[in-house]
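Examination of the molecular architecture
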Amino acid sequence: MSFQDLMSKAADEVEAPKATPPGTYVLAVLSTETGESQQKKTPFLRVHFSIVDAGEDVDADALEEAGGMAKVATRKLRHEFYITDDALFRLKDFMTMCGFDLAGKTLGEIVPDLVGAQVKAALIQKANQDGTVFYTNIASFAPMD
């Protein structure tokens, strides 16, 4: 929809989308970008994902209430991997779960190849500070079977 289409909606018809139900999903890497945290200026690699499929542990009724798999698949997620000596192992583990053979390669050499890779992820719902809005977050990753 265009900006004009969206702004033409009646205000009383606008509702917050239902949160993606918690559970295991297959995610695909859409893109990566680098950045740094606002407060401590810690460098990170941000990975953007699309939802490909829901696992058997996802409540079918809750998925339907969220608009069904077709709607959930349009939602985008992201995860930051901090680039510090103490946190770099998380990026390495993620790359392994995506199926990459890391032998003889640097992490930097593998990053461009992440796009298109698939991985399983446990998604959770997390409330905002006043508990009125729920967001979907990635809790953990797991290798594809």
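We now turn to the structure provided with this report. Only a predicted model underlies this, so the values are computations on that prediction, with no experimental measurement involved.

1. Examining the overall build of the protein chain
Each helix and strand in the protein chain was counted, giving 5 helices and 5 strands. The N-to-C order of helical and strand elements in the protein chain reads α-β-β-α-α-β-α-α-β-β. Counting only C-alpha atoms, the protein chain reaches 55 × 35 × 30 Å along its principal axes. Considering the protein chain as a whole, with its 145 residues, one finds that 28% of them fall into the buried category. Restricting the contact set of the protein chain to residue pairs at least 6 apart, pairs at least 24 apart contribute 58%. Surface exposure of the protein chain reaches about 9600 Å², of which carbon and sulfur atoms provide 51%. Here the protein chain contributes 14 positively and 22 negatively charged side chains, and the mean placements of these two sets differ by 5 Å.

2. As for the pairing of strand β5 (residues 134-142)
On any regular strand, side chains alternate: one points to one face of the sheet, the next to the other face. Here strand β4 (residues 118-127) pairs with β5 via 8 bridges, running antiparallel. For Leu 123, the partnering residue across the bridge sits in β5 and is Ile 138. Between β4 and β5, which follow one another and run antiparallel, lie 6 residues, and Gly 131 among them has a positive phi close to 75 degrees.

3. Comments concerning the pattern of salt bridges
Tallying each qualifying case throughout the model produces 4 salt bridges. The residue Glu 33 makes a salt bridge to Arg 46 at a minimum N-O spacing of 3.7 Å. Of this pair, Glu 33 sits in strand β1 (residues 23-36) while Arg 46 is found in strand β2 (residues 43-54), placing the two residues 13 residues apart along the sequence. The residue Asp 145 makes a salt bridge to Lys 120 at a minimum N-O spacing of 2.7 Å. Remark: Lys 120 occurs in strand β4 and Asp 145 occurs in the segment after β5; sequence separation between them is 25 residues. We classify Asp 145 as exposed; its relative accessible area is 89%. Through salt bridges that share partners, Glu 33, Arg 46, Arg 78 and Glu 80 make up one connected network.

4. With respect to the packing of aromatic side chains
Tallied over the entire structure, the rule returns 6 aromatic pairs. Judged by centre distance (4.8 Å) and plane angle (65 degrees), the rings of Phe 94 and Phe 141 are edge-to-face. Of this pair, Phe 94 sits in helix α4 (residues 88-97) while Phe 141 sits in strand β5, and the two are 47 residues apart along the sequence. Phe 141 matches Phe 94 in its accessibility class, with the two residues each being buried.

About the cut-offs
Residues numbered from 1 in each chain as written. Predicted model: local features only at pLDDT ≥ 70, side-chain atom pairs only at ≥ 80, totals over all residues. Heavy atoms only, no water. Helix = DSSP H or I, 4+ residues; strand = E, 2+ residues; numbered from the N terminus. Buried < 20%, exposed > 50% of the residue type's maximum accessible area, 1.4 Å probe, protein only. Contact = heavy atoms within 4.5 Å. Areas by Shrake-Rupley, 256 points an atom, 1.4 Å probe, with all protein chains shown as cover. Lys, Arg positive; Asp, Glu negative; His and termini not counted. Charge placed at Lys NZ, Arg CZ, Asp CG, Glu CD. Pairing = 2+ DSSP bridges. Salt bridge = Lys/Arg side-chain N within 4 Å of Asp/Glu carboxyl O. Phe/Tyr/Trp six-rings, centres within 6.5 Å; stacked < 30°, edge-to-face > 60°.

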